2 protein chains.
Amino acid sequence: MAILFKNVTAVLMDGSHTVLPNAFVAVEGTGITSVGTSRPSGDFTREIDGRGGILMPGLINCHTHVPMTAMRGYGDGHDLQDWLNNFIFPVEARWDDRAIRACADLGLMEMIASGTTCIADMYMHTQTVAQAVADAGLSANLSCGGVFFGEDFSPAACPDCRSQEELFQTWHNHDGGRIRVDASLHAEYTSKPGLWEWTADFAKSRGLGMHVHISETRREHEECKSRWGASPIRTLAKYGVFDVRAIAAHCVWTEPEDWAVMAEKGITAVHNPVSNLKLGSGVAPVPDLMKAGVNVALGTDGVSSNNTTDLFEDMKLAAILQNGVRHDPMALTAWDALEMATANGARALGRNTGTIAAGKDADLVLLDPAAPNLVPCHDAANNIAYAAHGSNVILNMCRGRVIYENGTFLTIDAEKTRREVEDYAVPMLFRKGQ
Amino acid sequence: MAILFKNVTAVLMDGSHTVLPNAFVAVEGTGITSVGTSRPSGDFTREIDGRGGILMPGLINCHTHVPMTAMRGYGDGHDLQDWLNNFIFPVEARWDDRAIRACADLGLMEMIASGTTCIADMYMHTQTVAQAVADAGLSANLSCGGVFFGEDFSPAACPDCRSQEELFQTWHNHDGGRIRVDASLHAEYTSKPGLWEWTADFAKSRGLGMHVHISETRREHEECKSRWGASPIRTLAKYGVFDVRAIAAHCVWTEPEDWAVMAEKGITAVHNPVSNLKLGSGVAPVPDLMKAGVNVALGTDGVSSNNTTDLFEDMKLAAILQNGVRHDPMALTAWDALEMATANGARALGRNTGTIAAGKDADLVLLDPAAPNLVPCHDAANNIAYAAHGSNVILNMCRGRVIYENGTFLTIDAEKTRREVEDYAVPMLFRKGQ
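Being a predicted model, the structure only gives us computed values, none of them experimental. (Residues numbered from 1 in each chain as written. Chains lettered and ligands numbered in written order. Predicted model: local features only at pLDDT ≥ 70, side-chain atom pairs only at ≥ 80, totals over all residues. Heavy atoms only, no water.)

Peer 1: Summarise the relation of the copies chain A and chain B; cite the residues concerned and give the values.
Peer 2: The two copies are related by a screw operation: chain A maps onto chain B through 180° of rotation and 0.0 Å of translation along the axis, at an RMSD of 0.0 Å. Both chain copies can therefore be described as sitting about a two-fold axis. Distance from the rotation axis, computed per C-alpha, reaches its smallest value in chain A at Ser-391 of chain A: 3.2 Å. Comparing contact sets, 100% of the residues at the interface of chain A also lie at the interface in chain B, consistent with an isologous, same-surface contact. (Least-squares fit on C-alpha atoms with pLDDT ≥ 70 in both. Contact = heavy atoms within 4.5 Å.)

If you want it as structure tokens, here you go:
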């Protein structure tokens, strides 16, 4: 099936910040076949008239826990460790696959409706999450965050090792690589050196990326230094955890020595500004990371700490937050934030997307040209980063397939999903004695 | 005309944080006549089934410059003083009434669609802005910010004095008080003591409120102290500027001595978190202001520094920003932010709105119960403050009149407005030799 976008303002997200007015973008199969200002030859099954609206790469959400939707607003107003230990972890023990599936579908609906085409998700019940992603049609790097609190580590004593192996066997490179599996450690403070070594070896031997929470809170960062004599990044690096393509979520309390290691090893810092502010974790040193040569991408984190998965919101906050706290209106630009949400995310996840060019995956998002908040448009990047809302997305195409259009979900039963979350998953959250 | 809202989750915004499930709210004329969980007696011209969705007071945007929409994204990336002096002020000199009207209508469309029912607007060409507000159907406290750079002040030498007097004569208490006029000084740094005295007297003698920019940037705050030996609040207070109900926009660099004066005089601080971050102005000391007993309300500022007028966005940022920069997840709560956007705003503007109760103005907003980002709803306040977007608003009622419903503007010609902004106002922005 060949599709032609016409009459769009194409924000290519190439290195030169090209914005093509009155552009044509042709798609065939899962990929983009041509981009330009004159109509390409050939016949098209469908022509989509953008009416002058912005066509941009789909957003890449590099740190999510998509099934947490049922916990939206649950246990708010506590610091991260208290919230995790006394609110989130206990209820997570009660989930079953049916609840996880409903909650994952709801989370994916939010993401799709707000222009996300690719995610890096770390959670549990990952087989179920993978099936939900497979059905929803977007792309994902999936991982089950490894946790081990025991004294004597062995892969047999750690259920997460088996889960990671099974996830890899079942889902890695599913549907031509639309779903990939990453290795994962939940975090330094929830695991031990035995698991770090195993996970590093698992990733290297299988050719996988790595997804880890890093230095989200001051307490986590400082306690790691007390325990191991070095920060989380430097501690885990010693065990080979970052000898593969890796994403480090949060990095709020990372220090210059950490940035040097991250730049050298090519570790991406995933900035989660909404979650970090809401939980009181702090403000990540994004301009310093960038200056040190670290790739910075963007994430929403789970809705339990955001409380949405609208990456446009995180993009805007990323764009303005550093200006405010550093008293410098140029600390980050609109383009910086846009790159974090697109091209940098693609690099972080090792994917052939994040820019609009022939040969790239056809992950594309069209914005409503008639939305009052996008009128006028002096500068498309500026309008995307500062003025757009996720609700301005009128079409979401992932790998050449339109999965959302004009408010309609084409791959998820929206009404059934809402009922399942409200009638099944939420009551399970509060069920006693489990 | 009597209207009944039924099957709504009513967030009353009373002092006790009441949330009424399965509530009925009855409206007659411009006011609310009853609120409760059983159906009121009487016949209703229309019954609106909220399908379990949240009904809340309309948002109150206490600091806006609504006609600046054509400058959305214009001159981005400069500090406030540079941006004002070299980008905004020069183009403002070129506006005519037709451009102002188109831009005001566009700004009001954005506000109405995202749940705002009342604004405090400070700008120029205010007669035209007033007509736009009158036609759009929402409520407004309007002011033309007084500016005077000359040496010898006299009311005759200051066109803004005449404009304020004319605005008062023409529009004050229009349509039963839906439009009110406030006195206004643009700021300390754009005026002189003669104008301060005149404006203080103008407000007192006419029984008007006062709207002033205060301590937005460190430079403004410090230069005022150098010039007059005291901060902007304390300098203007000496001239009687705050001897009436008053709103002070920004207050980013205010100090403990300022907070004491503000609490004593009942001056409202209007927090504009998006604008303050974007322009690099800083983070207002909101928890300190609240602790000092200052009423804190919320504003978007103009779209040239935001770049939207979706107050839900500012509400969320207000709710999470202090947590992040103070490393305290309880620095501000969801209820704090909600009060800033509703009840505190009503107090700031001297209006009988901002809460849902019999006898209050019927300024009401209904949220979409089916929006994925509002499912589930453990806590309505939490969902409003952290998860809702302006796009979740499916109905906006101002003073008993539905002015927006399911994406349709009932008082503004949306298509004509967009055309006027793009074809008339924007070209005027770039016209040479004016």
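Peer 1: An account of the interface of chain A and chain B is needed here, citing residue identities and associated values.
Peer 2: Taken together, the 60 residues of chain A in the interface contact 60 residues of chain B. Regarding the contact of chain A and chain B, the summed buried area is about 4300 Å², with carbon and sulfur atoms giving 65% of it. At the surface where chain A touches chain B, the tally comes to 2 salt bridges. A salt bridge links Lys-316 of chain B to Glu-313 of chain A, with the shortest nitrogen-to-oxygen separation between them at 2.4 Å. Linking chain A with chain B are 24 residue pairs in polar contact (both at pLDDT 80 or more). Of all the secondary-structure elements, those providing two or more residues to the side of chain A that touches chain B are α2 (97-113), α10 (273-278), α12 (311-326), α15 (380-387) and α16 (414-429) of chain A. If you tally residues by element for the side of chain A that touches chain B, the top one is α12 of chain A, at 8 residues. Across the side of chain A that touches chain B, the residue classes tally to 28 nonpolar, 20 polar and 12 charged. (Buried area = accessible area lost by both parts, 1.4 Å probe. Salt bridge = Lys/Arg side-chain N within 4 Å of Asp/Glu carboxyl O. Polar contact = N/O pair within 3.5 Å; in protein donor to acceptor, adjacent residues only side chain to side chain. Helix = DSSP H or I, 4+ residues; strand = E, 2+ residues; numbered from the N terminus. Nonpolar A, V, L, I, M, F, W, Y, C, P; charged D, E, K, R; others polar.)

Peer 1: How would you explain the pattern of salt bridges if you had to name every residue and give the values?
Peer 2: Applying the stated criterion across every chain, the model contains 46 salt bridges over all chains. Between Arg-178 of chain A and Asp-175 of chain A there is a salt bridge, with the nearest N and O atoms lying 2.7 Å from each other. Residue classification places Arg-178 of chain A among the buried residues on the basis of a relative accessible area of 6%. Taking relative accessible area as the criterion, Asp-175 of chain A reaches 44% and is therefore assigned partly exposed. Of the charged contacts, one joins Arg-46 of chain B and Glu-405 of chain B as a salt bridge, the two residues approaching to 2.5 Å between their closest N and O atoms. Of this pair, Arg-46 of chain B sits in strand β4 (residues 46-49) while Glu-405 of chain B sits in strand β17 (residues 401-405), and the two are 359 residues apart along the sequence. (Buried < 20%, exposed > 50% of the residue type's maximum accessible area, 1.4 Å probe, protein only.)

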